[in-house]
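These are the residues of each chain, in order.
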Amino acid sequence: MKLLCVASFGGHWVQLKRLATLLDAEELTFVSTDAGQHHGAAYYLEDFSIRELWRGVRQLPRALRIVRRSGADVVLSTGAAPGLLMLFAGFVLGKKTVWVDSIANSKRLSLSGRAAGFFASRVLTQWPELAGSRVHYLGRLL
């Protein structure tokens, strides 16, 4: 299985890198929002918030190209909005998509996590009390 792992730089990136060490995939490809050193990312997206959706929409063609070029079977993200965009691109291209909401969201899913529930193959929370019909708890991941 080829996995495309996406996260905004910072806490989301740290969680993604930790989660990646637990994954059994034949190939991991990373997408980051850090334009500097990419920190091991093969691809880069401009960072934006979900409240600045227009900045994300203009990056959709790039997100679609990244998913195609990566040859990924699954797109996985720990957030934030750029990860949601990549999941949407994966959804459009018929890929399996997984959203892992940040461990920091203990009271309520993030806005991006709630949006992912409309199209992601699987939305995961790390808090059992946040699980519901579209959101699953499989235990603490991080």
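Everything below is about the structure shown above.
Remember, it's a predicted structure, so these values are computed and weren't measured experimentally.

A. Region of interest: unusual backbone geometry. Here the residue pair glycine 79 and alanine 80 is connected by a cis peptide bond, since its omega of -5 degrees sits within 30 degrees of zero. Within the fold, alanine 80 resides in the loop between β4 (74-79) and α4 (81-92).

B. Quick look at the environment of aspartate 101. Summarising the element assignment, aspartate 101 is placed in the loop between β5 (96-100) and α5 (111-116). Overall, aspartate 101 belongs to the buried group, its relative accessible area being 1%. Residues within four places of aspartate 101 in sequence aside, it is in contact with Arg108, Leu109, Ser110, Gly113, Leu124 and Gln126. Polar side-chain contacts of aspartate 101 include one of 2.9 Å to the side chain of tryptophan 99.

C. Region of interest: a positive patch on the surface. Among the surface-exposed residues, Arg62, Arg65, Arg68 and Arg69 lie close enough to one another that they form a single positively charged patch. Position of arginine 69 among the secondary structure elements: in helix α3 (residues 60-70). Using a relative accessible area of 59% as the deciding quantity, one classes arginine 69 as exposed.

D. Structural context of the packing of α3 against α4. Two elements in contact, α3 and α4, have axes whose closest approach is 9 Å; the angle formed by their N-to-C orientations is 65 degrees. In the crossing of α3 with α4, the sense of the turn from one axis to the other is right-handed. Contacts between α3 and α4 involve Leu60, Ala63, Leu64, Ile66 and Val67 from the first element and Leu85, Met86, Phe88, Ala89, Gly90 and Val92 from the second. Its residues assigned to classes, the contact of α3 with α4 comprises 10 nonpolar, one polar and no charged.

E. Quick peek at the nonpolar core. Counting residues in each nonpolar core, the largest one holds 26 residues, and the members touching the most others are Leu4, Val31, Ile66, Val75 and Met86. Within the residue set of this core, elements represented by two or more residues are β1 (2-7), α3, α4 and α5. When residues of this core are assigned to their parent elements, the largest contribution, six residues, is made by α4. The contacts of valine 31, once residues within four sequence positions are left out, are Leu4, Cys5, Val6, Ala7, Trp13, Ala41, Tyr43, Leu45, Ile66 and Met86. With 14 residues, the next largest nonpolar core counts Phe30, Ala41, Val74 and Leu124 among its residues.

F. The arrangement of the pattern of salt bridges in detail. What the rule picks out here adds up to three salt bridges. For arginine 55, the salt bridge goes to glutamate 46, with nearest N and O atoms at 2.5 Å. Judged by its relative accessible area of 24%, glutamate 46 is partly exposed. Of the charged contacts in the structure, one is a salt bridge between glutamate 46 and arginine 58, with a shortest N-O distance of 2.8 Å. Placement of glutamate 46 in the loop between β3 (43-44) and α2 (53-57) and of arginine 58 in the loop between α2 and α3 is noted, with a sequence separation of 12 residues between them.

Criteria and thresholds
Residues numbered from 1 in each chain as written. Predicted model: local features only at pLDDT ≥ 70, side-chain atom pairs only at ≥ 80, totals over all residues. Heavy atoms only, no water. Helix = DSSP H or I, 4+ residues; strand = E, 2+ residues; numbered from the N terminus. Buried < 20%, exposed > 50% of the residue type's maximum accessible area, 1.4 Å probe, protein only. Contact = heavy atoms within 4.5 Å. Polar contact = N/O pair within 3.5 Å; in protein donor to acceptor, adjacent residues only side chain to side chain. Patch = residues over 30% accessible without salt bridge, like charges linked within 9 Å, V, L, I, M, F, W, Y side chains within 5 Å. Areas by Shrake-Rupley, 256 points an atom, 1.4 Å probe, with all protein chains shown as cover. Salt bridge = Lys/Arg side-chain N within 4 Å of Asp/Glu carboxyl O. Lys, Arg positive; Asp, Glu negative; His and termini not counted. Charge placed at Lys NZ, Arg CZ, Asp CG, Glu CD. Axes fitted to C-alpha atoms, helices over the stretch in contact; angles between N-to-C directions. Left-handed = near helix turned anticlockwise from the far one by under 90°. Nonpolar A, V, L, I, M, F, W, Y, C, P; charged D, E, K, R; others polar. Core = buried A, V, L, I, M, F, W, Y, C linked by side-chain atoms within 4.5 Å.

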